[in-house]
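Here are the chains, one letter per residue:
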Amino acid sequence: MFAFILRRLIQAVVVMVVVAFIAFMLFQYVGDPVVFLLGQDARPDQIRQLRTDLGLDQPFFVQFWHFLVNAAQGEFGLSLRQGANVSRLIAERLPATLELALVAALMALVIGVPLGVYSALRRGSFLSHVFMTISLLGVSLPTFLIGILLILVFSVGLGWFPSFGRGEVVQHGWWSSGLFTLDGWHHIVMPAITLAVFQLTLIMRLVRAEMLEVLRTDYIRFARARGLSNRAIHFGHALRNTLVPVITITGLQLGQLIAFAIITETVFQWPGMGLLFIQAVTFADIPVMAAYLCLIALIFVVINLVVDMLYFVVDPRLRVGQAGGH
């Protein structure tokens, strides 16, 4: 187990160095930060002085090393658009994005897994066909269209939910959360549903397919021959083995929820990292773009490591294989 984790950590470091190099290249080829900071009317001596102060007159690999050291400390310089520290801007927006992604992921799991199990166990029923039709729509419809339709129906038409913003939040140090206020829950419902629809339908279809595959295996037939109840077979044996690929997909989807919440945050004007990234792209704010890229890569790396470790909890065969030296 220790060797397995060590290998994963080495791979994670390599991945982060590669991502940091890609982020660093943004500074080299996507505009000149000196021009952004001083403007077009700056004097040549001002430009030379600022380039020296920023270390841009040093060799390429020296600049990259300094970038790596600063990135490891969470420092990405100043935002070219807002003139504020990028780390502070990310820290202010990160709670909103994580809150939205976690609520959406929980919603997708709590609804998707039971629907997938039901669709597999009652695959010929009318309700199962209804669930599969709805899942097909959820996979097919783009996220922004789902968000716009929800706003049109529940905000404009019925007036049940607000169409933008995060609502009232509670501050705990640097962390802010709207999950402790009724107004915060009122605001997060539609963005969370919009973000969760695709993941929910994907999990439901995956659970259904895996469950049907597991139910055809020999050990399930042997369990039936032993006289075990359907509840024990379905939930004690079949569902447990179904969860291995589901954990993989769910982990990766959580990373995607955080990374690709951009569209949902833009539609609902949710004050998270996605909206900050869209604004950074619009104004070519390279430090913010680089910080966002590195942070998302770190989130994916951490999630993949946690998912790999969860395999040992869910699938006993991996622990037996490790113990037996296979």
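Only a predicted model underlies this, so the values are computations on that prediction, with no experimental measurement involved. (Residues numbered from 1 in each chain as written. Predicted model: local features only at pLDDT ≥ 70, side-chain atom pairs only at ≥ 80, totals over all residues. Heavy atoms only, no water.)

### Some remarks on the overall build of the protein chain
For clarity, the threshold we go by: Where helices and strands are cited, they refer to DSSP runs of H or I of at least four residues and of E of at least two residues respectively, numbered from the N terminus. For every residue, the accessible area obtained with a 1.4 Å probe (protein chains only) is divided by the maximum for its type, and the residue is called buried under 20%, exposed over 50%, and partly exposed between those limits. Note on areas: Shrake-Rupley, 1.4 Å probe, and residue coverage restricted to the protein chains presented here.
The secondary structure content of the protein chain amounts to 14 helices and two strands. For the protein chain, with 326 residues in total, the buried portion stands at 41%. When the accessible surface of the protein chain is totalled, it reaches about 17,700 Å², and 69% of it is carbon and sulfur.

### Notes on the packing of aromatic side chains
Test applied: The rule is short: rings of Phe, Tyr and Trp, with Trp giving its six-membered ring, pair when the centres are within 6.5 Å, and they are stacked under 30 degrees, edge-to-face over 60, tilted in between.
Taken as a whole and assessed by the stated rule, the structure comprises five aromatic pairs. Arranged with centres 4.5 Å apart and planes meeting at 25 degrees, the rings of F277 and Y292 form a pair that is stacked. One end of the pair, F277, is in helix 12 (residues 273-282); the other, Y292, is in helix 13 (residues 286-314), and 15 residues separate them in sequence. The buried category is assigned to Y292, whose relative accessible area is 7%.

### Section: the pattern of salt bridges
Put simply, the rule reads: The salt bridge criterion pairs a side-chain nitrogen of Lys or Arg with a carboxyl oxygen of Asp or Glu, the two atoms within 4 Å.
The full count for this structure, using the stated rule, is two salt bridges. Here R166 and E99 are joined by a salt bridge, their closest N and O atoms 3.4 Å apart. Note that R166 is positioned in the loop between helix 7 (143-157) and strand 1 (170-172) and E99 in helix 5 (residues 86-121), a separation of 67 residues in sequence. With respect to burial, R166 and E99 carry one shared label: buried.

### With respect to helix 6 (residues 126-140)
Inclusion rule: By this rule the span expected of a helix is its residue count minus one, scaled by 1.5 Å. Two residues form a contact once any of their heavy atoms are found within 4.5 Å.
For helix 6, built from 15 residues, the straight-helix expectation of 21 Å at 1.5 Å per residue is met to within 8% by its first-to-last C-alpha distance of 21 Å. Tucked into the core, helix 6 has its buried residues touching helix 5 and helix 8 (182-215).

### Focus: the side chain of R166
Rules: Under the rule applied, a polar contact is a pair of N or O atoms within 3.5 Å (in protein, one hydrogen donor and one hydrogen acceptor; residues adjacent in sequence only if both atoms are side-chain atoms).
Assessed through its relative accessible area of 9%, R166 is described here as buried. At a separation of 3.4 Å, a polar atom in the side chain of R166 contacts the side chain of E99. Not counting the four nearest positions on each side in its chain, R166 is found in contact with P95, A96, E99, S176, S177, G178, G184, H187, W270 and P271.

### Remarks on the side chain of T194
Turning to its location among the elements, T194 is positioned in helix 8. In contact with T194, other than residues within four places in its own chain, are T143, I146, G147, L150, T264 and F268.

### A short note on the confidence of the model for the protein chain
Put simply, the rule reads: The predictor attaches a confidence to each residue, called pLDDT, with possible values from 0 through 100.
The predicted model of the protein chain has a mean per-residue pLDDT of 77, with 79% of residues at 70 or higher. Per-element confidence in the protein chain ranges from a low mean pLDDT of 51 for helix 14 (residues 316-323) to a high of 86 for helix 7.

### Thoughts on helix 5
Applied cut-off: Axes are fitted to the seven residues ending at a residue and to the seven starting at it; the angle between these axes is taken as the bend at that residue.
Relative to the 52 Å expected for 36 residues at 1.5 Å per residue, helix 5 spans 51 Å between its end C-alpha atoms, a close match to the ideal helical length. Bending of helix 5 peaks at approximately 35 degrees at the position of R93, with proline P95 no more than four residues after it. Two or three places before S87, at the opening of helix 5, N85 has a side-chain oxygen 2.9 Å from that residue's backbone nitrogen.

### A closer look at the environment of M309
Checked against the element boundaries, M309 lands in helix 13. Considering only alpha carbons, one finds M309 and I5, 304 residues apart in sequence, at a separation of 8.0 Å.

### Brief notes about the environment of H129
Here H129 is to be found in helix 6. For H129, a relative accessible area of 46% gives the class partly exposed. Once the C-alpha coordinates of H129 and S119 are considered, the two residues, ten residues apart in sequence, prove to be 7.8 Å apart. The contact partners of H129, leaving out residues within four places of it in the chain, are R123 and G124.

### Observations regarding a nonpolar patch on the surface
The criterion, for reference: By definition, no residue in a patch forms a salt bridge, and every one has over 30% relative accessible area; like charges are joined within 9 Å, nonpolar side chains (Val, Leu, Ile, Met, Phe, Trp, Tyr) within 5 Å.
Taken together, the side chains of L137, L141, F144, L145, I148, L149, L152, V153, V156, L158, W160 and I263 make up a nonpolar region of the molecular surface, amounting to roughly 1,100 Å² of accessible area. No other element matches helix 7, which puts seven residues into the nonpolar patch. Residue L141 is classed as partly exposed on the basis of its relative accessible area, which comes to 34%.

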